[in-house]
Amino acid sequence: MISIKLATTIGDYTYIAYLYNPGNNKFLIRKKVSLAEITEEGKYRFDYIISNNSQPIGWFALMPWKIGKKATLVLIIDRKNQGKGVATALWPHIIKKAKKKGFTKLFLEVLVDHEVARHVYRKAGFREIATVVKMEKIIAKRGQRDREKTGRLFNLGQKKA
Ligand SMILES: CC(C)(COP(=O)(O)OP(=O)(O)OC[C@H]1O[C@@H](n2cnc3c(N)ncnc32)[C@H](O)[C@@H]1OP(=O)(O)O)[C@@H](O)C(=O)NCCC(=O)NCCS
């Protein structure tokens, strides 16, 4: 039986970080995510662990928008449980949690070539409203960024002459 609980423990966040494993998902950023990053993100969203007969099988999160009663939904079903109807069975649970938090509209992003996810979301009643191209530009190397950050902090601590 599927059950949902709010993530609260280090164990919960460790599991979410594990789900981000590139083998598990087809997100835009296919990289491992650390426990520290996941717990930091957890401050700004509602993370839920999905279990089947007390065994964790996935996670979803509701990320509130700054304005309005809207939230972005993210969802990962553990690889070994994908294709077994979990996401399909999950919608009433997600909608219930979202309504309880006061959200009136959910958004999500999915890769154009992620046919399974698009199919699952369409079937759940999501309609496609835009196709975007994400772009990036590295403007500082990691070491440089860190040095600049440290420098800025250091300067803030300096007394003006
Ligand atoms: C996308 C995801 C959430 C779907 O969850 P799931 O529990 O595996 O989905 P379900 O088993 O409920 O449904 C899968 C559906 O896809 C269909 N499907 C399977 N392979 C397919 C394919 N190659 N093309 C289109 N549809 C396909 C199945 O037939 C089923 O549809 P049906 O119920 O109408 O027959 C899950 O696979 C997942 O977490 N993937 C990794 C993370 C991810 O990519 N998340 C989405 C980011 S936006």
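Residues numbered from 1 in each chain as written. Predicted model: local features only at pLDDT ≥ 70, side-chain atom pairs only at ≥ 80, totals over all residues.

Here we look at the overall build of the protein chain
Part 1: The helix and strand tally for the protein chain stands at five helices and five strands.
Part 2: Looking at the protein chain as a whole, 15% of its 161 residues are labelled buried.
Part 3: Within the protein chain, counting contacts between residues at least 6 apart in sequence, those at least 24 apart form 53% of the total. (Helix = DSSP H or I, 4+ residues; strand = E, 2+ residues; numbered from the N terminus. Buried ≥ 20, exposed ≤ 12 C-beta atoms within 10 Å, placed from the backbone. Contact = placed C-beta atoms within 7 Å.)

What to know about the site of the ligand
Part 1: By nearness alone, 23 residues border the ligand, and Ile77, Gln82, Val86, Ala87 and Thr88 come closest of all.
Part 2: Residue assignment for the shell around the ligand shows that the elements contributing at least two residues are β4 (70-77), α3 (86-100) and α4 (115-123).
Part 3: Split into classes, the residues belonging to the shell around the ligand amount to eleven nonpolar, eight polar and four charged. (Near = placed C-beta within 6 Å. Nonpolar A, V, L, I, M, F, W, Y, C, P; charged D, E, K, R; others polar.)

Quick word on the sheet that holds strand β1 (residues 2-6)
Part 1: Taking strand neighbours across the sheet as the criterion, the five strands line up as β1-β2-β3-β4-β5 in an open arrangement whose pairing is mixed. Here the strands that pair on one side only, and so sit at the sheet edges, are β1 and β5 (105-107). The average undirected angle you get between the axes of adjacent strands in this sheet is 30 degrees.
Part 2: In terms of strand pairing, strand β2 (residues 46-52) meets strand β3 (residues 55-64) through seven bridges, oriented antiparallel. Each bridged residue has a counterpart across the sheet, and for Phe46 the counterpart in β3 is Leu62. (Pairing = 2+ DSSP bridges. Axes fitted to C-alpha atoms, helices over the stretch in contact; angles between N-to-C directions.)

Describing the environment of Ile2
Part 1: Mapping Ile2 onto the fold places it in strand β1.
Part 2: C-beta crowding within 10 Å serves as the criterion here: with 14 such atoms nearby, Ile2 is assigned to the partly exposed category.
Part 3: Put simply, Ile2 and Asn52 are 50 residues apart on the chain and 4.5 Å apart in space, counted from C-alpha to C-alpha.
Part 4: Discounting residues that sit within four places of it in the chain, Ile2 has contacts with Ile50, Asn52, Ala89, Leu90 and His93.

A look at α3
Part 1: Here α3 contains 15 residues, and its C-alpha end-to-end distance of 21 Å stays within 8% of the 21 Å for a straight helix at 1.5 Å per residue.
Part 2: Buried residues of α3: Ala87, Leu90 and Ala98, and no others.
Part 3: For α3, the elements touching its buried residues are β1, β2, β3, β4, β5 and α4.
Part 4: A positive phi of about 90 degrees marks Gly102, the residue just after α3. (Expected span 1.5 Å × (residues − 1).)

Here we look at the environment of Ile95
Part 1: Structurally, Ile95 is set in helix α3.
Part 2: For the pair Ile95 and Lys105, spaced ten residues apart in sequence, the C-alpha to C-alpha distance is 9.7 Å.

Such coordinate-based values are descriptive only and should not be taken to indicate function.
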